[in-house]
Structure formats: structure tokens, C-alpha cells
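# Architecture at a glance
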Amino acid sequence: MRTGIHPDSRPVVFRDRAAGFAFLTRSTAHSTRTVEWEDGNTYPVIDVEISSASHPFYTGTSQVVDTAGRVERFERRYGRAAQVRG
């Protein structure tokens, strides 16, 4: 890596306020707010709207839409469309 062209990477705490979940990682993001972490050190903190702790895909609360079942139910209810003559 060439020196002087890359931003500085440092430890930063990302906090999901909705889930009450936080994790420490390295980032180039800047923040003026700080938080004391479990190891006793103070790190910059960035609040995020959603993380793996609150996203429906990762928590298992997402619902899978069954489109094939919907089509079959429509055809049972209303019958198949009329054949197009050509």
C-alpha cells in the first residue's frame, strides 16, 4: 500500500439502538461521540438504524411469499384464462 493515500482505520463501536446490540470493529468512519467499551477503553460510537441483530432476514422473522400457491388459488377460484386463438 502506498502511504498517505488511504484513510486511517481505527477501532469504532457500531451500536444498533433498536436491538440494544453493539460491536467493536475497525472502520474509517468518524464520530464525535464516544462510548466506554467492555475492555475499559473509550472508542468513537456510530449509531445505526439496523444491523444483523434487528434485520428480519437474520432474526428469522421474515416471511416467504408463496407465489405458486397464489397462482393456483387464483386459477381454482376464477378458472384458467380463455385460450387465445391465433
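Rules used throughout
- Residues numbered from 1 in each chain as written.
- Predicted model: local features only at pLDDT ≥ 70, side-chain atom pairs only at ≥ 80, totals over all residues.
- Heavy atoms only, no water.
- Pairing = 2+ DSSP bridges.
- Helix = DSSP H or I, 4+ residues; strand = E, 2+ residues; numbered from the N terminus.
- Axes fitted to C-alpha atoms, helices over the stretch in contact; angles between N-to-C directions.
- Salt bridge = Lys/Arg side-chain N within 4 Å of Asp/Glu carboxyl O.
- Buried < 20%, exposed > 50% of the residue type's maximum accessible area, 1.4 Å probe, protein only.
- Lys, Arg positive; Asp, Glu negative; His and termini not counted.
- Contact = heavy atoms within 4.5 Å.
- Patch = residues over 30% accessible without salt bridge, like charges linked within 9 Å, V, L, I, M, F, W, Y side chains within 5 Å.
- Areas by Shrake-Rupley, 256 points an atom, 1.4 Å probe, with all protein chains shown as cover.
- Charge placed at Lys NZ, Arg CZ, Asp CG, Glu CD.
- Phe/Tyr/Trp six-rings, centres within 6.5 Å; stacked < 30°, edge-to-face > 60°.

## Digging into the sheet that holds strand E2 (residues 21-27)
- Spatial strand order, E2-E1-E4-E3: four strands in an open sheet with mixed pairing. On the outer flanks of this sheet lie E2 and strand E3 (34-36), each paired with one strand and no other. Strand-to-strand, the axes of this sheet are offset by a mean angle of 45°, without reference to chain direction.
- For strand E1 (residues 10-16) and E2, the ladder comprises seven bridges, and the chain directions are antiparallel. Directly across from Arg15, in E2, lies its bridge partner Ala22.

## What to know about the pattern of salt bridges
- Following the criterion strictly, the structure yields three salt bridges and no others.
- In this structure, Arg33 and Asp47 form a salt bridge, with 2.5 Å as the shortest nitrogen-oxygen distance. Of this pair, Arg33 sits in the loop between E2 and E3 while Asp47 sits in strand E4 (residues 42-48), and the two are 14 residues apart along the sequence.
- Connected through salt bridges with shared partners, the residues Arg15, Arg17, Arg33 and Asp47 form a single ionic network.

## Considering the side chain of Asp16
- Tracing the sequence through the fold places Asp16 in strand E1.
- There is no salt bridge for the buried Asp16, and the closest opposite charge comes from Arg17, which lies 7.9 Å off by N-O distance.
- In this structure, Asp16 is in contact with Phe21, Val48, Glu49, Ile50, Ser51, Ala53 and Ser54, ignoring residues within four places of it in sequence.

## A few points about a positive patch on the surface
- The grouping of Arg70, Arg73, Arg76 and Arg77 at the surface amounts to a positive patch.
- You can see Arg70 is positioned in helix H2 (residues 67-78).

## Points about the environment of Val12
- Counting through the fold element by element, Val12 comes out in strand E1.
- Remark: the alpha-carbon pair of Val12 and Ile46, spanning 34 residues in sequence, is separated by 7.5 Å.
- Apart from residues no more than four positions distant in its own chain, Val12 is found in contact with Phe23, Leu24, Thr25, Ser27, Ala29, Pro44 and Ile46.

## What to know about the packing of aromatic side chains
- What the rule picks out here adds up to two aromatic pairs.
- Note on Phe14 and Phe23: the rings are 5.8 Å apart at their centroids and 20° apart in plane angle, and the pair reads as stacked.
- Look at Phe21 and Phe23: their rings are 5.9 Å apart centre to centre, the planes differ by 40°, and that puts the pair in the tilted class.
- For Phe23, a relative accessible area of 33% corresponds to the partly exposed category.
- Site record: aromatic cluster; members linked through ring pairs are Phe14, Phe21 and Phe23.

Nothing here speaks to function; it is geometry throughout.
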